[in-house]
There are 2 protein chains.
Amino acid sequence: MAVTIRDVARASGVHVSTVSRAFSAPHLVNPETRTRVLAVADDLGYRPNRAARALTTGRTHNLGLIVADISNPFFPPLIKAAQEQARLRDYHVFVADTDEDPKVEEDLIQTLTKQVDGVLLCSPRLTNRTIERLREEVPFVLVNRRVKGMATVLMDVARGARLAFEHLTALGHRRLALVTGPSGSWTSKEMQEAAAATRDVDVAFLGPNQPTELGGLAAAADVIASGATGVLAYNDLVAIGLIEGLAERGVDVPGDISVIGVDDIVAGRLSRPKLTTIAMPTAAAGRIAVDMLLQSVDSQAATGVTMLETTLIVRESTGEAHT
Amino acid sequence: MAVTIRDVARASGVHVSTVSRAFSAPHLVNPETRTRVLAVADDLGYRPNRAARALTTGRTHNLGLIVADISNPFFPPLIKAAQEQARLRDYHVFVADTDEDPKVEEDLIQTLTKQVDGVLLCSPRLTNRTIERLREEVPFVLVNRRVKGMATVLMDVARGARLAFEHLTALGHRRLALVTGPSGSWTSKEMQEAAAATRDVDVAFLGPNQPTELGGLAAAADVIASGATGVLAYNDLVAIGLIEGLAERGVDVPGDISVIGVDDIVAGRLSRPKLTTIAMPTAAAGRIAVDMLLQSVDSQAATGVTMLETTLIVRESTGEAHT
DNA sequence: ATACTTTTTGCAACCGGTTGCCGAACCCGA
DNA sequence: TCGGGTTCGGCAACCGGTTGCAAAAAGTAT
């Protein structure tokens, strides 16, 4: 059926091992022989069988990429970048979606483990303990989650949150709120810490909430009840939902309440009012994470933390407080 | 290192073939033996090596899923559903993104081909000829694209478009416009045909456009120039961008112009005005496509067309024409 | 020309499963 | 107790590559 290495060997009058080496260890074969073999291989349309290769080398040349929810616009740029980077290194990527469910997440990892050389865990909801257990089975790189001793790519949300709160206080807001995300979220925790560290103003914690528009919609009542006039939302989706929820209750943004999101998704740029937000370098995170992962696949040295900068982008959803 | 089938065989005092059969051909082994073997396997933490299995069976138990752009909110529900369905059948899914580029798309298919048992092609931008050539190499199922003799899942956009135009004319609009998508798009073509078939009203074709908010934003000028008061956009993203573009030019939706989108993405439900749109059963499409694909992987019978219904959802972006 | 390297190639085992074939064990009825 | 039919399990080849080892070839020094 498919053309194998033996077909190529026969057609070019050399042993299969020579063909194999022509591909995977060029320096071990006479350049002349090599070009001939390659020509024949190309002629026959030979493509190495990755399953066979995986069997002997123990390398599948596949990576796993696990995200909480593909539908969240935060992830696609990261996924795209990761895939592109992986492709450059001749790796393929399995993308899996956990539906924000830690149990699904663990299952998924278990299943993937045998099929991939490494796993990228984005914003995992698992406990540290579980992550540490799982790391025994397969190399990991974490994105947006901190576990001691593990390779990690972080985006500096704490700083972003600080910028957000400073922006709000500079506008005269004195009662602030933080609409948090899911409970297992590192991002959420970082934001809370940043909030706790801001002086001279109250920051109410409202949550946990689903990290979606619906979550924001549902949080609108809480926000109003809290009396806050400036709020930082877990992400843009939540912010957009929140703004909608507030509008339904006759509260204007930014007239009555200022809202800041996180992620800088495209929808935020086009919603009305345009969303003030903290931009996250997701594509860079994806690329870097893949590089770290491949590195730790080769050498067992799988540590190191990369911190990426975030930026506050001021648009229309924040305004001066009415004193 | 990892526990293999031979370890299990040794530990349970049977031959490897028996262990193998205990897993993949239960009826060929004594129930008693089987349970014992399974117990031992479980005890040892044995997991079959998929690469090894793939080597002998020729089945990788992987599927490829190729989409034009993961960032387009239209796809994630489809991807999720497809993955879930695949997982139920013990298959994994490679998701790949072509960036709307036919060349990347072809490359991707070529690379994936050897790694998967079948490929799901969503809204491909390739030519029919190319698709027909590629189908020789691996089973395909197409989503949102019609190529004779190939297994296909379609969503009835033509009918949806008809409903949209009827809705607009019923509101009194007499000059309509269709903001089309990319040139290779089947959906776009269907919409154009539906437009051409509507009687008693002009439908101007504006395009091609990028299938994103930016595309819609850019199309705003054309729409105004066309003098249309009712427009159907290629998808919700385009519609949202268009509404924004119109707003920037002082044109109100739905006051001055009515806009209808396609896909019913969440953002449309939360944008202002809430988007009137044609809902697409994307999750169902993903599930069904996977089933068709797996079916055509087993038996070579790879044909059949499934057409899924679409629905018009009227929200706030359409209104009466001012006569 | 001989001995000794170094490069190039072939040989064959191996990775971890699957599967066709065959014999052993077991069941049944006569 | 024996023949015939099932069921069960073992044997071994095979899938398509990779790789350690050794032989062959080519190059170098003496």
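In this text the structure is predicted, and so the values were computed from the model without any measurement.

Asker: Help me out: how do you make sense of the pairing of strand 2 (residues 92-97) of chain A in this one?
Answerer: The two faces of a sheet get side chains in turn, since along a regular strand they alternate between them. Residues and elements named next belong to chain A. A large share of strand 2 lies buried, amounting to six of its six residues. The alternating pattern of strand 2 places H92, F94 and A96 on one face and V93, V95 and D97 on the opposite face, and all of these are buried. Handedness of the β-α-β unit built from strand 1 (residues 62-67), helix 5 (residues 75-88) and strand 2 comes out right-handed.

Asker: I keep staring at the protein's contact with DNA strand C and nothing clicks. Help me out?
Answerer: Near DNA strand C lie 27 residues; those nearest to it are T18 and T33 of chain A together with R6, S20 and T56 of chain B. Backbone sugar and phosphate groups make up 53% of those atoms of DNA strand C lying within 4 Å of the protein. Here a phosphate oxygen of DNA strand C sits 2.6 Å away from a polar atom, N or O, in the side chain of T18 of chain A. For the surface near DNA strand C, the secondary-structure elements that each account for two or more residues are helix 2 (16-24) and helix 4 (50-57) of chain A together with helix 1 (5-12), helix 2 (16-24) and helix 4 (50-57) of chain B. Residues that form the surface near DNA strand C fall into these classes: nine nonpolar, 13 polar and five charged.

Asker: So what exactly am I meant to see when it comes to the pattern of salt bridges here?
Answerer: Tallied over the entire structure, the rule returns 35 salt bridges over all chains. For D69 of chain B, the salt bridge goes to K80 of chain A, with nearest N and O atoms at 2.8 Å. Taken together, the residues D69 of chain B in the loop between strand 1 (62-67) and helix 5 (75-88) and K80 of chain A in helix 5 connect one chain to another. Among the ionic contacts, a cluster of salt bridges with common partners joins D69, D97 and D99 of chain A together with K80 of chain B.

Asker: I would appreciate a short explanation of the interface of chain B and chain A in the present structure.
Answerer: When the parts of a complex come together, some accessible area is lost, and that lost area is often used as the size of the interface. Taken together, the 41 residues of chain B in the interface contact 41 residues of chain A. Across the chain B to chain A interface the summed buried area is about 3,600 Å²; carbon plus sulfur atoms make up 62%. Looking only at chain B, the three residues that lose the most surface to chain A are K80, L270 and R272 of chain B, adding up to 18% of its buried area. Linking chain B to chain A there are 10 salt bridges. There are 12 residue pairs in polar contact (both at pLDDT 80 or more) connecting chain B and chain A. Elements with a contribution of two residues or more to the side of chain B that touches chain A: helix 4, helix 5, strand 2 (92-97), helix 6 (102-113), helix 10 (213-226), helix 11 (236-248) and helix 12 (266-270) of chain B. Tallying contributions element by element places strand 2 of chain B first for the side of chain B that touches chain A, with six residues. Here the residues of the side of chain B that touches chain A are counted per class, giving 21 nonpolar, seven polar and 13 charged.

Cut-off values and rules
- Residues numbered from 1 in each chain as written.
- Chains lettered and ligands numbered in written order.
- Predicted model: local features only at pLDDT ≥ 70, side-chain atom pairs only at ≥ 80, totals over all residues.
- Heavy atoms only, no water.
- Buried < 20%, exposed > 50% of the residue type's maximum accessible area, 1.4 Å probe, protein only.
- Helix = DSSP H or I, 4+ residues; strand = E, 2+ residues; numbered from the N terminus.
- Right-handed = clockwise from strand over helix to strand, strands pointing away.
- Near = heavy atom within 4 Å.
- Polar contact = N/O pair within 3.5 Å; in protein donor to acceptor, adjacent residues only side chain to side chain.
- Nonpolar A, V, L, I, M, F, W, Y, C, P; charged D, E, K, R; others polar.
- Salt bridge = Lys/Arg side-chain N within 4 Å of Asp/Glu carboxyl O.
- Contact = heavy atoms within 4.5 Å.
- Buried area = accessible area lost by both parts, 1.4 Å probe.

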